[in-house]
Amino acid sequence: MDPDYSAQDVARCDLCKTVIAQSYCDFCHVNLCKTCIGEHISDEYDKHKIVPIHKRKSTLIYPKCGTHPNKTCKYQCKDCHISICSDCIASKQHNKEHEFIKLEELFNTKKQRIRRVTEDLEKQFLPAYEDIANDLEMQIASLDGQYKTLTTAMSKQREEIYREVDNAFNQMEKEIDEIKLKHRSILQKHLDEIKQSQSLMVQTLDALNKMEESNEVSPTINYSCKTEEITKLPPKVNVSMPKFIPNQKKREELCSLIGKLTPLSTTLEERVFTAKKPNTSVRELLDKPDIISTIKTGHKYICSVTCLNEEQVWTSGETTDIKCLSIQMVLQKTIKTKSGVMPRDIAVETTGTLLYCDLNTRTVYKVTNDQTEEIITLQGWRPNNLCVTSSGDLLVTVYSDDWTQSKVVRYSGSTIKQTIQFDDKGQPLYSGYGYTKYISENRNQDICVADWGAGAVVVVNQAGNLRFRYAGHPSPTKNQPFKPYGITTDSQSLILIADFENHCIHIVDTDGQFLRYIDNCGLKNPYGVCVDNNDSLFVCEYCKGNVQKIRYSK
């Protein structure tokens, strides 16, 4: 049966153009109704093969024999590599020691190979190229932020030198711009090559799909699929960022007082293709989610919860205390904020290190062995909410001091890697209203932001391109406007969103389609949320000061 044809397709007769076709001529490639079959086979052409339409193209079309014109070739001489008919075999034109094989067997073997190659290209190599292209696009998008950091480092040195050296600094800024253009050009060149290869792969897939559909033997047997060029992944381009190295010692030469820039360095690193393994661990949503346990945190008003494992959780609320509690409600540790005001949000690195952000000081802090250090301090912006990504980067939602702009910033340590603020039309992705923009990274590396001010969840891909907005799901029992607070994602890439006013949790899939509510557990004003590595959901009940641990899947 033709895989591209199903019972849901409606094919009309190619002769009368009106009646639904029940049959098909495998030699003439014509759809036929019962009435028109006789008309079709009555022509002078004596080769027709009428089959049910659901078996279209099931009859093999063999090549004509060059020696015996009235015969078709159904065999191949494996020694001579030519197609032959039964008369050729009987005439003993070939050495009796020659070995013959049926063309049908060769045809079926080649078809299987074509299907395997098609599947490999579609499911393995094409996605690999897409990942490579996305990575290059993100590098290009983050260049401005990285080079701005470079310029800032250089400006600090400028403040320590007399006004007379401005010309020298201007010259170096020009050099940075030239290097940036060269950097961008290098990355763009490789991106163009990647996209050209992607286009070639799409063309190859199109040719393979047409060949797979064909029932002509000779073209199929003789088709040679050259996939070596595209199945060998391109080398990975590594372009090292130049560094500004301040000079701490005064010298006679003016330029030597400023420091120097390291040159742009480019290397090609060979990629090793690793086939992606399908996720066979599929969880089903429970019809009735249930509360596993209730953790009494001692916070009067609780805002954030995060966990590294199933054994302990970090919590924060509208006090200066950040508490680490066991599932058995045993207080294990308390961290007080450095500024003496409540933390805006908390997160935990894979090492167990606590992170928190402070609106008043515009700072993100790291707590290691009870020692608190500043890792990020903003100017003109305030950190709002944060999360740690699978790669170890830190995503921070920030808003401007005048509350007119919001954006997402990706940090590696204290270095800006990426800024996400506008869509492809130059419009803001997020509302300007700054309060509450919880953030989470999905397993497919989408960045999910619960934008309270906009009344929506905004999801962009790793490169910062908008994928979708989720503005809630209509329900007769949910009477309040959708105002999302906490947001988290699980191992199935489901997105779970706290709906404070409607006292429930929304579950949507990776494409923003609503799946169900968690509204049967008696939740009251859900705020911050997180999941552990066993997909148990932790929900802050703002006014109660409790964290509810909920099982929602199996």
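Residues numbered from 1 in each chain as written. Predicted model: local features only at pLDDT ≥ 70, side-chain atom pairs only at ≥ 80, totals over all residues. Heavy atoms only, no water.

Colleague: What exactly am I supposed to notice about the pattern of salt bridges here?
Modeller: For side chains bearing opposite charge, pairing can occur when the charged atoms are close. All chains considered together, the criterion is met by 23 salt bridges. Measuring nitrogen to oxygen at the nearest pair gives 3.8 Å for the salt bridge that ties Lys544 to Glu541. Because the salt bridges share partners, they merge into one network encompassing Asp144, Lys180 and Arg184. (Salt bridge = Lys/Arg side-chain N within 4 Å of Asp/Glu carboxyl O.)

Colleague: I would appreciate a short explanation of the pairing of strand β20 (residues 381-388) in the present structure.
Modeller: A regular strand places its side chains on the two faces of the sheet in alternate fashion. In terms of burial, β20 is largely enclosed, as six of its eight residues are buried. By the bridge criterion, seven bridges tie β20 to strand β21 (residues 394-400) in an arrangement that is antiparallel. The partner of Arg382 across the bridge, within β21, is Tyr399. With antiparallel pairing between neighbouring strands as the criterion, β20 and β21 make up a hairpin whose turn holds five residues, including Gly392 at a positive phi of roughly 95°. (Buried < 20%, exposed > 50% of the residue type's maximum accessible area, 1.4 Å probe, protein only. Helix = DSSP H or I, 4+ residues; strand = E, 2+ residues; numbered from the N terminus. Pairing = 2+ DSSP bridges.)

Colleague: Can you walk me through the packing of helix α3 (residues 103-141) against helix α5 (residues 166-213) in this structure?
Modeller: A packed helix pair is summarised by two numbers, namely the angle formed by the two axes and the spacing between the axes. Packing of α3 against α5 leaves a shortest axis separation of 9 Å and a crossing angle of 160°. Taken together, α3 and α5 sit at an angle that is classed as roughly antiparallel. Regarding α3 and α5, the two cross each other, and that crossing is left-handed. Taken together, the residues that form the contact of α3 with α5 break down as 17 nonpolar, eight polar and nine charged. (Axes fitted to C-alpha atoms, helices over the stretch in contact; angles between N-to-C directions. Parallel < 35°, antiparallel > 145°, perpendicular 65-115°, else oblique. Left-handed = near helix turned anticlockwise from the far one by under 90°. Nonpolar A, V, L, I, M, F, W, Y, C, P; charged D, E, K, R; others polar.)

Colleague: Explain the confidence of the model for the protein chain here, please?
Modeller: Detailed reading of predicted coordinates is not advised where the pLDDT is low. Per-residue confidence for the protein chain gives a mean pLDDT of 87, with 92% of residues at or over 70. Note that pLDDT drops below 50 for residues 1-8; the model gives that stretch eleven contacts with residues more than four away or on any other chain. (pLDDT = per-residue confidence, 0-100. Contact = heavy atoms within 4.5 Å.)

Colleague: Hey, could you run me through the sheet that holds strand β3 (residues 50-52) in this one?
Modeller: In a beta sheet, neighbouring strands pair by backbone hydrogen bonds and run either parallel or antiparallel. Pairing is antiparallel in the open sheet, where three strands are placed in the order β2-β1-β3. Looking at which strands have only one partner, the edges of the open sheet turn out to be β2 (30-32) and β3. Each adjacent strand pair in this sheet contributes to an overall mean axis angle of 35°, direction not counted. Where strand β1 (residues 23-25) meets β2, three bridges bridge the pair, whose relative direction is antiparallel. Counted as the bridge partner of Ser23 is Leu32 from β2. The strands touched by helix α1 (residues 34-41) are β1, β2 and β3; relative to β2, the strand with the most contacts, the crossing angle is about 130°.

Colleague: Looking at this structure, how should I read a nonpolar patch on the surface?
Modeller: There is a patch of nonpolar side chains on the surface, built from Val10, Val19 and Ile20 and spanning about 240 Å² of accessible area. Locating Val19 in the fold gives a position in the segment before β1. Among the residues examined, Val19 registers a relative accessible area of 39% and is labelled partly exposed. (Patch = residues over 30% accessible without salt bridge, like charges linked within 9 Å, V, L, I, M, F, W, Y side chains within 5 Å. Areas by Shrake-Rupley, 256 points an atom, 1.4 Å probe, with all protein chains shown as cover.)

Colleague: Would you take a moment to explain the side chain of Asn215 for this structure?
Modeller: Note that Asn215 resides in the loop between α5 and α6 (217-222). Judged by its relative accessible area of 3%, Asn215 is buried. Within the structure, the side chain of Asn215 is placed 3.3 Å from the backbone oxygen of Thr59, a separation counted as a polar contact. With residues near it in sequence (within four places) discarded, Asn215 still touches Asp26, His29, Lys57, Thr59, Leu60, Ile61 and Phe107. (Polar contact = N/O pair within 3.5 Å; in protein donor to acceptor, adjacent residues only side chain to side chain.)

Colleague: Explain the environment of Leu136 here, please?
Modeller: Within the secondary structure, Leu136 is located in helix α3. Overall, Leu136 belongs to the buried group, its relative accessible area being 2%. Contacts of Leu136, omitting those with residues within four sequence positions, involve Leu187, His190, Leu191, Ile194 and Val237.

Colleague: In this structure, what is going on with the side chain of Asp532? I would like to understand it.
Modeller: Along the chain, Asp532 falls in the loop between β32 (526-531) and β33 (537-541). Despite being buried, Asp532 has no salt bridge partner; Lys549 is the closest side chain of opposite charge, sitting 4.4 Å away. A distance of 2.9 Å separates the side chain of Asp532 from the backbone nitrogen of Asn534, its partner in a polar contact. The contact partners of Asp532, leaving out residues within four places of it in the chain, are Cys307, Asn309, Glu310, Phe538 and Lys549. (Lys, Arg positive; Asp, Glu negative; His and termini not counted.)

Colleague: Whenever I open this one, the sheet that holds strand β26 (residues 456-460) confuses me. Can you help?
Modeller: Across the sheet, which stays open at both edges, the four strands sit in the order β24-β25-β26-β27 with antiparallel pairing between neighbours. Each having just a single partner strand, β24 (437-441) and β27 (466-470) make up the two edges of the open sheet. Taken pair by pair, the neighbouring strands of this sheet meet at an average axis angle of 15°, ignoring direction. Summarising the sheet, β24 and strand β25 (residues 447-451) pair through five bridges and their orientation is antiparallel. Within β25, the position partnered with Glu441 by the bridge is Ile447.

Colleague: Quick question: what am I supposed to make of the nonpolar core here?
Modeller: Nonpolar side chains in soluble globular proteins generally cluster together in the buried interior. In terms of nonpolar packing, the biggest core is built from 41 residues, with Ile505, Leu537 and Phe538 touching the most fellow members. Among all residues touching Ile505, those that are not within four sequence positions of it are Leu496, Ile497, Ala498, Arg516, Tyr517, Ile518, Leu523, Pro526, Val529, Leu537 and Val539. The next biggest cluster of nonpolar side chains, apart from the first, holds 32 residues, and it includes Tyr147, Met201, Leu205 and Phe244. (Core = buried A, V, L, I, M, F, W, Y, C linked by side-chain atoms within 4.5 Å.)

Colleague: Sorry, what's going on with the packing of helix α4 (residues 143-158) against α5 here?
Modeller: Between α4 and α5, the shortest axis-to-axis distance is 11 Å and the interhelical angle comes to 160°. Here α5 runs roughly antiparallel to α4, going by the angle between their axes. Helix-helix and strand crossings are classified by hand; for α4 and α5 the assignment is right-handed. Across the interface between the two elements, Leu143, Asp144, Tyr147, Leu150, Thr151, Met154, Gln157 and Arg158 from α4 touch Asp166, Phe169, Asn170, Met172, Glu173, Ile176, Ile179, Lys180, His183, Arg184 and Leu187 from α5. By residue class, the composition of the contact of α4 with α5 is nine nonpolar, four polar and six charged.

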